[in-house]
Amino acid sequence: GDSVTQTEGLVTLTKGLPVMLNCTYQTTYSPFLFWYVQHLNEAPKLLLKSSTDNKRTEHQGFYATLHKSSSSFHLQKSSVQLSDSALYFCALRNYNVLYFGSGTKLTVEP
Amino acid sequence: GALVYQYPRRTICKSGTSMRMECQAVGFQATSVAWYRQSPQKTFELIALSTVNSAIKYEQNFTQEKFPISHPNLSFSSMTVLNAYLEDRGLYLCGATRDNSAETLYFGSGTRLTVL
């Protein structure tokens, strides 16, 4: 069945450094991938989405490229800020539902 | 814009009792509503997908007998947690889509269930 894998559970970085959060997926359908960000005590909010192979998509300084050849959709940012501390979930769409990865908690330190 | 409201935001119930939570779509017609539970460990579990004019589809480990869902119109859905126990605690989220070709699920803020 469909599944999403996020290998890092916890990532801690100093402000200003780059970050990459890994996301790989398995599906038998044409992939549609999402990144959601969830701040403390809030609902998850859409950060990025893509179904186009090898095309970079960007939002709020974050970017990701869907690579169908490697079944990946890694999230990156060139310089993290304190406000980026949150949970990040990669998700795969199948019809009208999303299958989420286990999430990565990003903590940015001063 | 598309907004999804969930009520109540937080609720506490005694073990073995039931509680009902609501999901309201504002500004769009929610043809599909997916209910999720986010465990204290923060992982998301899909409970069921409710699509207007279709049968509600429950995921493995979730049943209608335990989590009955009502989706009476294109703006409202409710789910009840029957006979809640400690393992049912968590944040219950509803995600609504505009139509069957919609790209994005719009999430409500969730209902946090605590079971005593």
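Now for a description of the structure that goes with this document. (Residues numbered from 1 in each chain as written. Chains lettered and ligands numbered in written order. Predicted model: local features only at pLDDT ≥ 70, side-chain atom pairs only at ≥ 80, totals over all residues. Heavy atoms only, no water.)

As for the overall build of chain A
Our working rule: Only DSSP runs of H or I with at least four residues qualify as helices, and only runs of E with at least two residues qualify as strands; both kinds are numbered from the N terminus onward. We take the radius of gyration over the C-alpha atoms and set the globule estimate at 2.2 Å times the residue count to the 0.38 power. Categorising residues by exposure relies on relative accessible area from a 1.4 Å probe, with only protein chains included: less than 20% of the type maximum marks a residue as buried, more than 50% marks it as exposed, and the intermediate range marks it as partly exposed. The contact rule is simple, with two residues in contact once any of their heavy atoms fall within 4.5 Å. Throughout, the Shrake-Rupley method with a 1.4 Å probe supplies accessible areas, and for residues the shown protein chains are the sole cover considered. The positive count covers Lys and Arg only, the negative count covers Asp and Glu only, and His and the chain ends enter neither. By convention, charge coordinates are those of NZ in Lys, CZ in Arg, CG in Asp, or CD in Glu.
Helix and strand counts for chain A come out as 0 helices and 12 strands. For 110 residues, the compact-globule formula gives about 13 Å, and the C-alpha radius of gyration of chain A, at 13 Å, lands near that figure. Reported as C-alpha extents along the three principal axes, the dimensions of chain A are approximately 45 × 30 × 20 Å. The proportion of buried residues among the 110 residues of chain A is 48%. Considering only contacts within chain A whose residues lie at least 6 apart along the sequence, 53% involve residues at least 24 apart. Surface accessibility of chain A: about 5300 Å² in total, with carbon and sulfur atoms responsible for 50%. Positive and negative side-chain charges in chain A, numbering 9 and 7 respectively, have mean positions lying 6 Å apart.

Some words on the pattern of salt bridges
Residue and element names in this part refer to chain B. The criterion, for reference: Any Lys or Arg side-chain nitrogen found within 4 Å of a carboxyl oxygen on Asp or Glu counts as a salt bridge.
A full pass over the atoms with the stated rule returns 7 salt bridges over all chains. Residue Glu45 pairs with Arg37 through a salt bridge whose shortest N-O separation is 3.1 Å. Take Glu45: its relative accessible area is 29%, and that puts it in the partly exposed class. Under the relative-accessibility criterion, Arg37 is labelled buried at 9%.

What to know about the interface of chain B and chain A
Formally: Buried area is calculated as the accessible area (1.4 Å probe) missing from two parts once they are joined, with the contributions of both summed.
Contact with chain B, which involves 26 residues of that partner, is made by 19 residues of chain A. Roughly 1800 Å² of surface becomes buried between chain B and chain A when both sides are summed, with 57% attributable to carbon and sulfur atoms. The interface formed by chain B and chain A contains 0 salt bridges. For the side of chain B that touches chain A, the elements supplying multiple residues, two or more each, are strand 4 (32-38), strand 5 (44-51) and strand 9 (90-97) of chain B.

Quick word on the packing of aromatic side chains
Quick reminder of the rule: Ring geometry is summarised as follows: Phe, Tyr and Trp rings, the Trp one being its six-membered ring, pair when their centres sit within 6.5 Å, and such pairs are stacked at plane angles under 30 degrees, edge-to-face over 60 and tilted between the two.
The final tally for this structure, using the stated rule, is 14 aromatic pairs over all chains. On the numbers, 5.4 Å between centres and 85 degrees between planes, the contact of A:Phe100 with B:Tyr36 is edge-to-face. Separated into two different chains, A:Phe100 in strand 11 (residues 97-100) and B:Tyr36 in strand 4 make up a pair that spans both. Neither residue differs from the other here; A:Phe100 and B:Tyr36 are each classed as buried. On the numbers, 4.3 Å between centres and 25 degrees between planes, the contact of A:Phe100 with B:Phe44 is stacked. Of this pair, A:Phe100 sits in strand 11 while B:Phe44 sits in strand 5, each in a different chain.

Some words on the sheet that holds strand 3 (residues 19-21) of chain A
Residues and elements named next belong to chain A. Rules: Note on pairing: DSSP must find at least two bridges between two strands before they are called paired. For helices, the fitted axis covers only the stretch in contact; all axes are lines through C-alpha atoms, and the angles between them, taken along N-to-C directions, range from 0 to 180 degrees.
Here 4 strands make up an open sheet; going across it, the order is 3-9-8-7 and the pairing antiparallel. The two strands at the open ends of the sheet, each matched to only one other strand, are strand 3 and strand 7 (56-59). Averaged over all pairs of adjacent strands, the angle between strand axes in this sheet comes to 20 degrees, irrespective of strand direction. In this sheet, strand 8 (residues 62-65) lies alongside strand 7 in antiparallel orientation, the contact comprising 4 bridges. Following the sheet pairing, Thr57 is matched in strand 8 by Ala64.

Points about the sheet that holds strand 7 (residues 69-73) of chain B
All names here are of chain B. Read across the open sheet, the 4 strands follow the order 1-3-8-7; overall the sheet is antiparallel. The outermost strands of the open sheet, each flanked by one partner alone, are strand 1 (3-7) and strand 7. Taking each pair of neighbouring strands and ignoring which way they run, the sheet shows an average axis angle of 15 degrees. The sheet contact formed by strand 3 (residues 19-26) and strand 8 (residues 76-81) spans 6 bridges and is antiparallel. Looking across to strand 8, one finds that Glu22 is bridged to Ser78.

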